[in-house]
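One letter stands for each residue in the lines below.
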Amino acid sequence: MLSPNNPELDTDLLTQKLKTVAEHRYRAQPLFIKPKAVEFTPGVGYTYQTTGVRALIKRIPVLGPFAVAVNRKLRHIKSPGLTWKQRIMLAPVLGPGIHMVYALLRINKIRHEMAQQMIELRQMQQTSHAQTNQRIDQILALDIENRLRRFDALDIGTRLNRLETLDIERRVVSLEETVRNMLANDANRENNLAGLRQELRRHMQAVALSAAPQAAPAAPAHAVTASAFDADAFYTEFERAFRGSREDILDRLKVYLPYLEPLRGDAAARIVDVGCGRGEWLELLGSEGFKALGVDMNAAMVSACRERGLAAECDDAIAYLRRQPEGSVAAVTGFHIIEHLPFETLVALFDAALHALRKDGLIIFETPNPENLMVGACNFYTDPTHLHPVVPAVAEFMVRQRGFARAELLRLHPYPANLQLIEDSDVARRVNQALYGPQDYAVIAWKTYAN
């Protein structure tokens, strides 16, 4: 008997159904016996002992198993609770044949019933679709009505008055003015600091000169001893072989023109290019309307520049800049120069440039980038006259330390994309940055912040 947890469940009806199912299920029992002794073996089941005629028939080689199978089938057919149709269907051979014939006779009726069900299903679908659309229309209509009701309830005039009282425009103007003042204060501090550094350096130089008035002038730190071969001719041939074509250099140098844009149209603005070499930068500046002069110690390079109609002088760059009136030069540039100079000479070059520059003047010095491992470990030493690479952060520190008020770095010329790894991982990105990143950089510095 069932004990229901659900009080609405009819336990008597369920119990009756379970009994009916138990009576109709198939039972695999031995035939022709009435068990006289029953023994249950775990894992095996019940064991029956048979005696008499049934036991004798069961032992006949062919007839015994056949008789057992026939008797089982008959007992299955005679099971209580079956209808006469079910008993016929269980009959061997006859049952399946009758079942097949019956199915063939009912096939048209089944097809008709299926067609009728499909029609009813389509009708239900159409009805459901229509009801859904109607409900959506009702929801949309309700939403529009609610929105109109909310808009009608808004006091637009009051809200506009509140916005006007906020005086947003005045606040924005005040904020912009505050930002401008902060930037101006920062620029003034940098200008003052740069001026103090310059004044301190001039004072230290004056003290040093007064302490040793009779000292003989020392030879330039960058002076080169005489050699047994023509160094000027060697370097001219070297640049022709390794620097690249004139057109390529002209195209690369265009990146610096925006920095000189404030000088455009200023007839008094002079640009001095130290180590002018073959004169590509001088040619580009002339085509852009700037007044430029090149200074180089290589007489062959200076001669080549003059043949192209470019202004160039064969002189020591530091000495030339020191001879210029203070504040008379608008810009001092040098491309792949500072890596040739010893540290003291490089400091002297920055000091001489600072002396010659006018208040809004700037310097641009390009050099190989040792942050690129290919450059720092190999390509830098292609030029046998290179001394040592200059780390970008050190170059920026040096120009600030020597008295320039503002400085920035410009990294240039990474390897072409077809030589780089596909950046599908962080490792590939780091390898590209270390091996195929910018091959050169420029340190750009201004004597003072522009007012």
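As a reminder, the structure under discussion sits directly above these lines.
Keep in mind it's a predicted model, so treat the numbers as computed, not measured.

Criteria and thresholds
- Residues numbered from 1 in each chain as written.
- Predicted model: local features only at pLDDT ≥ 70, side-chain atom pairs only at ≥ 80, totals over all residues.
- Heavy atoms only, no water.
- Helix = DSSP H or I, 4+ residues; strand = E, 2+ residues; numbered from the N terminus.
- Buried < 20%, exposed > 50% of the residue type's maximum accessible area, 1.4 Å probe, protein only.
- Contact = heavy atoms within 4.5 Å.
- Areas by Shrake-Rupley, 256 points an atom, 1.4 Å probe, with all protein chains shown as cover.
- Pairing = 2+ DSSP bridges.
- Right-handed = clockwise from strand over helix to strand, strands pointing away.
- Phe/Tyr/Trp six-rings, centres within 6.5 Å; stacked < 30°, edge-to-face > 60°.
- Patch = residues over 30% accessible without salt bridge, like charges linked within 9 Å, V, L, I, M, F, W, Y side chains within 5 Å.
- Salt bridge = Lys/Arg side-chain N within 4 Å of Asp/Glu carboxyl O.
- Axes fitted to C-alpha atoms, helices over the stretch in contact; angles between N-to-C directions.
- Core = buried A, V, L, I, M, F, W, Y, C linked by side-chain atoms within 4.5 Å.
- Polar contact = N/O pair within 3.5 Å; in protein donor to acceptor, adjacent residues only side chain to side chain.
- Parallel < 35°, antiparallel > 145°, perpendicular 65-115°, else oblique.
- Left-handed = near helix turned anticlockwise from the far one by under 90°.

### What to know about the overall build of the chain
Along its length, the chain carries 16 helices and 9 strands. Of all 451 residues assigned to the chain, the portion counted as buried reaches 30%. Of the contacts made within the chain by residues no fewer than 6 positions apart, 69% connect residues no fewer than 24 positions apart. About 30,400 Å² of surface is accessible on the chain, with carbon and sulfur atoms providing 60% of the total.

### Section: the pairing of strand β6 (residues 329–335)
Across the 7 residues that make up β6, a large majority, 7, are buried. Judged from the 6 bridges that link them, β6 and strand β7 (residues 357–368) form a sheet pairing that is parallel. Counterpart to Phe-335 in the pairing with β7 is Glu-366. With helix α13 (residues 343–356) bridging β6 and the parallel β7, this β-α-β connection has right-handed handedness.

### Considering the pairing of strand β3 (residues 270–274)
Most of β3 is tucked away: 5 of the 5 residues are buried. Of the two faces of β3, the one carrying Arg-270, Val-272 and Val-274 and the one carrying Ile-271 and Asp-273 are both buried. As paired elements, β3 and strand β4 (residues 291–296) share 5 bridges and run parallel to each other. Paired with Arg-270 across the strands is Lys-291, a residue of β4.

### A word on the packing of aromatic side chains
For the structure shown, the criterion picks out 7 aromatic pairs. Relative to Trp-281, the ring of Tyr-256 has its centre 6.3 Å away and its plane inclined at 85°; by these criteria the two rings are edge-to-face. A residue pair is termed long-range when its members are at least 10 positions apart, and Tyr-256 in the loop between α9 (246–253) and β3 and Trp-281 in helix α10 (residues 280–287) qualify at 25 residues. Side by side, Tyr-256 and Trp-281 carry an identical accessibility label, which is buried.

### Overview of a nonpolar patch on the surface
There is a patch of nonpolar side chains on the surface, built from Trp-84, Ile-88, Met-89, Leu-94, Ile-98 and Tyr-102 and spanning about 570 Å² of accessible area. Secondary structure elements with two or more residues in the nonpolar patch: α4 (84–89) and α5 (94–153).

### Brief notes about the sheet that holds β7
Across the sheet, which stays open at both edges, the 7 strands sit in the order β5-β4-β3-β6-β7-β9-β8 with mixed pairing between neighbours. Looking at which strands have only one partner, the edges of the open sheet turn out to be β5 (312–314) and β8 (406–414). Averaged over neighbouring strand pairs, the angle between their axes works out to 20° when direction is ignored. Here 8 bridges tie β8 to strand β9 (residues 438–446), and the two strands are oriented antiparallel to one another. Within β9, the residue paired with Leu-409 across the bridge is Val-443. Here helix α11 (residues 299–307) sits on the sheet in contact with β4 and β5, set at roughly 160° to β5. The sheet contacts of α13 involve β6 and β7, and relative to β7 the element is tilted by about 150°.

### Considerations on the nonpolar core
Grouped together as the largest cluster of nonpolar side chains are 34 residues, with contacts concentrated most on Leu-321, Val-332, Ile-363, Phe-365 and Val-399. Among the secondary structure elements, those contributing two or more residues to this core are β3, β4, α12 (317–323), β6, α13, β7, α15 (392–401) and β9. If sequence neighbours within four positions are ignored, Ile-363 has contacts with Val-332, Phe-350, Ala-353, Leu-357, Val-399, Phe-404, Val-443, Ile-444 and Ala-445. Membership of the second largest hydrophobic core comes to 24 residues, among which are Trp-281, Phe-290, Ala-331 and Ile-364.

### Considering the side chain of Glu-366
Note on placement: Glu-366 falls in strand β7. Here the side chain of Glu-366 touches Tyr-256 through a polar contact of 2.4 Å, side chain to side chain.

### Examining the packing of α9 against α10
Between α9 and α10, whose axes approach to 9 Å, the crossing angle comes to 60°. Between α9 and α10, the interaxial angle falls into the category oblique. Crossing of α9 over α10 shows right-handed handedness. Between α9, through Arg-246, Ile-249, Leu-250 and Leu-253, and α10, the contact on the second element is made entirely by Glu-280, Trp-281, Glu-283 and Leu-284.

None of the figures reported here should be taken as evidence of function without further support.
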